Amino acid sequence: MISTRLAPSLRSSVAVQSQSFLYRSQRPLSSHRFLSSLVVAEHDHKSLTGGTLATLTAAFALKGEAVDVLVLGKDVQSVAAQAQKVNGVKRVFVSSSPHYEQFVADLLTPSIVQLQNQEKYTHILAPASNFGKNLFPRVAALLDVSAISDIVQVVDGSQFKRPIYAGNAIATVKSLDPIKVITVRGTSFDKAPVSNGSAEIVNLQPASGLDELSGKITWVSKEVTKSERPELTSANIVVSGGRALKSAENFKIIYDLADQLKAAVGASRAAVDAGYCSNDLQVGQTGKIVAPQLYFAIGISGAIQHLAGMKDSKVIVAINKAEDAPIFQVADYGLVGDLFNVVPELKEKLASKKA
């Protein structure tokens, strides 16, 4: 059974009327099972991502009997050692194989399903990043359950809150599936601290049949943009630019301000589509979800698609020459003016402040 209740978002000018939906499932609910959770770790073969640490916090909120972590990859001893130190983690399962190096969902899924069949977890969680969005629909399908995506709050063991309508409403979803397969929005949960935990390390053999399965898959390439700036989804300050910058050359204004603030760089979909910057900088419903302490929206009108990715930021500063731009409805501070005049002046003020 899935029951959905809609409520207006705090930072939205769109009013959504409350309504409810009820779906009945033929699957019986197993009431005698103790809650236990498995977090599938996202990492870079060196350390856990911030999204994984936030997912662990969500798993702890379930208040189950145990929270375990599964680390899949190639030469991931340092990742397992970090997961071991998170307080509250009971066991860290580690499986290392060249087949896992590129995190291909088809090759990772058999190990997850195999461990689930062995341990009988009630909840399996992963970050709602490209990693989790790619992997968990396959996991849910093989386990014959519905996936619950992008949760922002744990109500109890079977009820979760998640945004819908581009974040303009929050749905409370209740699932009676015996196994909950969940992706977690990392910006909605604090990161679990890596401190003095002492989880047990359990080494697993790679799932059987991977050689045959990998023969049906051709890995083409992976393009990674390397930058000295903070990672977009975990940065404390984000400076984003929009279509009003008019060209890729002018987008350098955003890079320069971000460097001065030691901030990450973001962009609207319009700026990305126009070729001003790479698509890995896109913030929004179809891009990355961010919630920094400070968010600059420069030359961004504030389309609903963009607001869905940044309106949970603690402080939003908008600079736009159109005084009726929707971005000002969610901004904490707004400045109506030409960005080509305002941003250079802002940079001068910041430089004199530091001096």
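Residues numbered from 1 in each chain as written. Predicted model: local features only at pLDDT ≥ 70, side-chain atom pairs only at ≥ 80, totals over all residues. Heavy atoms only, no water.

Focus: the overall build of the protein chain
Counting secondary structure elements, the protein chain contains ten helices and 17 strands. Taking 20 Å as the expected radius of gyration for a compact globule of 355 residues, we find that the protein chain reaches 22 Å, a close match to that expectation. Considering only residue pairs separated by 6 or more positions, the protein chain has 67% of its internal contacts joining residues 24 or more positions apart. Surface exposure of the protein chain reaches about 17800 Å², of which carbon and sulfur atoms provide 50%. (Helix = DSSP H or I, 4+ residues; strand = E, 2+ residues; numbered from the N terminus. Rg over C-alpha atoms; globule rule 2.2 N^0.38 Å. Contact = heavy atoms within 4.5 Å. Areas by Shrake-Rupley, 256 points an atom, 1.4 Å probe, with all protein chains shown as cover.)

Considerations on the pairing of strand β3 (residues 36-40)
Extensive coverage of β3 is indicated by the burial of five of its five residues. Side chains of β3 alternate between two faces, with Ser36, Leu38 and Val40 and Ser37 and Val39 buried alike. Of the pairings in the sheet, the one linking β3 to strand β4 (residues 66-73) comprises five bridges and is parallel in character. Across the sheet, the residue bridging to Val39 is Val69, located in β4. Chirality of the crossover, the property in question, places the unit of β3, helix α1 (residues 50-61) and β4 among those that are right-handed. Direction of pairing for β3 relative to strand β6 (residues 123-127): parallel, over a ladder of three bridges. Among the inter-strand pairings, Leu38 is bridged to a residue of β6, identified as Ile124. (Buried < 20%, exposed > 50% of the residue type's maximum accessible area, 1.4 Å probe, protein only. Pairing = 2+ DSSP bridges. Right-handed = clockwise from strand over helix to strand, strands pointing away.)

Overview of the confidence of the model for the protein chain
Predicted coordinates in regions of low pLDDT should not be interpreted in detail. Mean pLDDT over the protein chain stands at 89; residues scoring 70 or higher make up 90%. Between residues 1-32, whose pLDDT stays under 50, and residues either more than four places distant or in other chains, the model counts 65 contacts. (pLDDT = per-residue confidence, 0-100.)

Some thoughts on the pattern of salt bridges
Applying the stated rule across the entire model yields ten salt bridges. The residue Asp68 makes a salt bridge to Arg91 at a minimum N-O spacing of 2.9 Å. Of this pair, Asp68 sits in strand β4 while Arg91 sits in strand β5 (residues 91-96), placing them 23 residues apart in sequence. Summarising the burial analysis for this pair, Asp68 and Arg91 share the class buried. (Salt bridge = Lys/Arg side-chain N within 4 Å of Asp/Glu carboxyl O.)

Thoughts on the packing of helix α3 (residues 105-119) against helix α4 (residues 130-143)
Where α3 contacts α4, the two axes come as close as 9 Å, and the packing angle between them is 50 degrees. In terms of orientation, α3 and α4 fall into the oblique class. For the pair α3 and α4, the sense of crossing is right-handed. Residue-level inspection shows Ala105, Asp106, Leu108, Thr109, Ile112, Val113 and Gln116 of α3 in contact with α4, the latter providing Phe131, Asn134, Leu135, Arg138, Val139, Leu142 and Leu143. (Axes fitted to C-alpha atoms, helices over the stretch in contact; angles between N-to-C directions. Parallel < 35°, antiparallel > 145°, perpendicular 65-115°, else oblique. Left-handed = near helix turned anticlockwise from the far one by under 90°.)

Considerations on the nonpolar core
Counting residues in hydrophobic clusters, the biggest one holds 30 residues, and the most contacted among them are Leu56, Val69, Val92 and Leu125. Of all the elements in the fold, those that place two or more residues in this core are α1, β4, α2 (77-84), β5, β7 (147-151) and β11 (180-184). Of the residues forming this core, the biggest block, five residues, is contributed by α1. Not counting chain neighbours up to four residues away, the residues in contact with Leu125 comprise Ser37, Leu38, Val39, Val40, Thr55, Ala58, Ala59, Leu62, Phe136, Ile182 and Val184. Residues Val113, Ile124, Ala140 and Val145 belong to the second largest nonpolar core, which totals 28 residues. (Core = buried A, V, L, I, M, F, W, Y, C linked by side-chain atoms within 4.5 Å.)

Describing the sheet that holds strand β12 (residues 200-203)
Strand order in the open sheet formed by seven strands is β7-β11-β6-β3-β4-β5-β12, with parallel pairing between adjacent strands. At either end of the open sheet lies a strand with only one pairing partner, and these are β7 and β12. Taken over all neighbouring pairs, the strand axes of this sheet differ in orientation by 25 degrees on average, direction set aside. Sheet topology places β5 next to β12; four bridges connect them, and they run parallel. Bridging across to β12, Val92 finds its partner in Ile201. Where α1 meets the sheet, its contacts fall on β3, β4, β6 and β11, and the angle it forms with β6 comes to roughly 150 degrees. The strands touched by α3 within the sheet are β3, β4, β5 and β6, with β4 carrying the most contacts at an inclination of about 150 degrees.

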